[in-house]
Every structure is written in C-alpha cells, then in structure tokens.
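# Structural overview for review
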Amino acid sequence: MELDTSIDELCKELKLSIIGEKYHDIASMAAKENWQYTQFLEEVLRVEVDNRLGRSKNMLTKLAGFPVIKTLEQFDYTFSVGVNRKQIEELSSLIC
C-alpha cells in the first residue's frame, strides 16, 4: 500500500491525473500479458496523452461557442446534392 500511495502522490504533484487513476489497471494487464517495462511505460503515457488531447479538444470546442456541435456521423448525405460520401469518409480518415 505504501507504493500505491507514493505513486498517487507523485502523479498529483506532476499533474498526471489519468496515470494516477489508471496505472493499476494497466499494470495488471501488463502483468497478465507479460509486457516489457517499456511497453507498460508507453501505454501509461499514451493513456495520459489521449486524455489530455481529449480534454483540450473539449475545452476548445466549448470556448469556440458553436451554437450546435455537428459531426460527420450526423451529416445527412441525402439532403446535400453533389456531396460524394465516399470521398468525405476517406478524407475524414486522414484526421485521426
């Protein structure tokens, strides 16, 4: 338990909120699958980065003040004449 408390405190000090919450689950998965230390570290860091990017995206979207948030999944291709659905879907795959 001392180690868990120490890790939680260090994560708070370094402002690694998601690592503090999820490292134990990731460590369990890593142990079951016999990951190398570097694989474990990469996954922990990836979870933190993904969380930060998601929070940043949400905050910027809120700050933009859009009246309504629309996504490509909600786009009505039957209403818009001349829009090539296949081309739009292909282009949207380049974003991620």
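Look up: the structure comes first, before these words.
Residues numbered from 1 in each chain as written. Predicted model: local features only at pLDDT ≥ 70, side-chain atom pairs only at ≥ 80, totals over all residues. Heavy atoms only, no water.

This paragraph deals with the overall build of the protein chain. For the protein chain, the count of helices and strands is four helices and zero strands. For 96 residues, the compact-globule estimate of 2.2 N^0.38 gives 12 Å, and the protein chain exceeds it by more than 25% at 20 Å. Buried residues in the protein chain amount to 11% of all 96 residues. Of the contacts made within the protein chain by residues no fewer than 6 positions apart, 38% connect residues no fewer than 24 positions apart. Counting 12 positive and 16 negative side-chain charges, the protein chain places the centres of these two groups 8 Å from one another. (Helix = DSSP H or I, 4+ residues; strand = E, 2+ residues; numbered from the N terminus. Rg over C-alpha atoms; globule rule 2.2 N^0.38 Å. Buried < 20%, exposed > 50% of the residue type's maximum accessible area, 1.4 Å probe, protein only. Contact = heavy atoms within 4.5 Å. Lys, Arg positive; Asp, Glu negative; His and termini not counted. Charge placed at Lys NZ, Arg CZ, Asp CG, Glu CD.)

Applying the stated criterion across every chain, the model contains three salt bridges. The shortest N-O distance in the salt bridge between Arg-46 and Glu-42 comes to 2.4 Å. A residue pair is termed a helical-turn pair when its members lie 3 or 4 positions apart in one helix, as Arg-46 and Glu-42 do in helix α3 (residues 37-64) at four residues. Classification of Arg-46 by relative accessible area gives partly exposed; the value is 41%. (Salt bridge = Lys/Arg side-chain N within 4 Å of Asp/Glu carboxyl O.)

Following the sequence through the fold, Ser-28 ends up in helix α2 (residues 17-32). Among the residues examined, Ser-28 registers a relative accessible area of 30% and is labelled partly exposed. For the pair formed by Ser-28 and Leu-41, sequence separation is 13 residues and the distance between their alpha carbons is 13 Å.

Together, Met-59, Leu-60 and Leu-63 make up a nonpolar patch on the protein surface, roughly 340 Å² of accessible area in all. Structurally, Leu-60 is set in helix α3. A residue is classified by how much of its surface remains accessible, and Leu-60, at 54% relative accessible area, is exposed. (Patch = residues over 30% accessible without salt bridge, like charges linked within 9 Å, V, L, I, M, F, W, Y side chains within 5 Å. Areas by Shrake-Rupley, 256 points an atom, 1.4 Å probe, with all protein chains shown as cover.)

Cys-11, Ile-18, Ile-19, Tyr-23, Ile-26, Val-44 and Val-47 together form the largest nonpolar core, which totals seven residues. Only α2 and α3 provide two or more residues apiece to this core. Ranked by residues supplied to this core, first place goes to α2 with four residues. (Core = buried A, V, L, I, M, F, W, Y, C linked by side-chain atoms within 4.5 Å.)

With 16 residues, α2 extends 24 Å from end C-alpha to end C-alpha; this agrees with the ideal 22 Å at 1.5 Å per step. Once α2 finishes, Asn-34 follows within two positions and takes phi at roughly 55°, a positive value. (Expected span 1.5 Å × (residues − 1).)

In this section: the environment of Glu-43. Structurally, the position occupied by Glu-43 is in helix α3. In this structure Glu-43 comes out as partly exposed when scored by relative accessible area, which is 25%. Spatially, the C-alpha atoms of Glu-43 and Tyr-23 are 9.2 Å apart, while their sequence positions differ by 20 residues.

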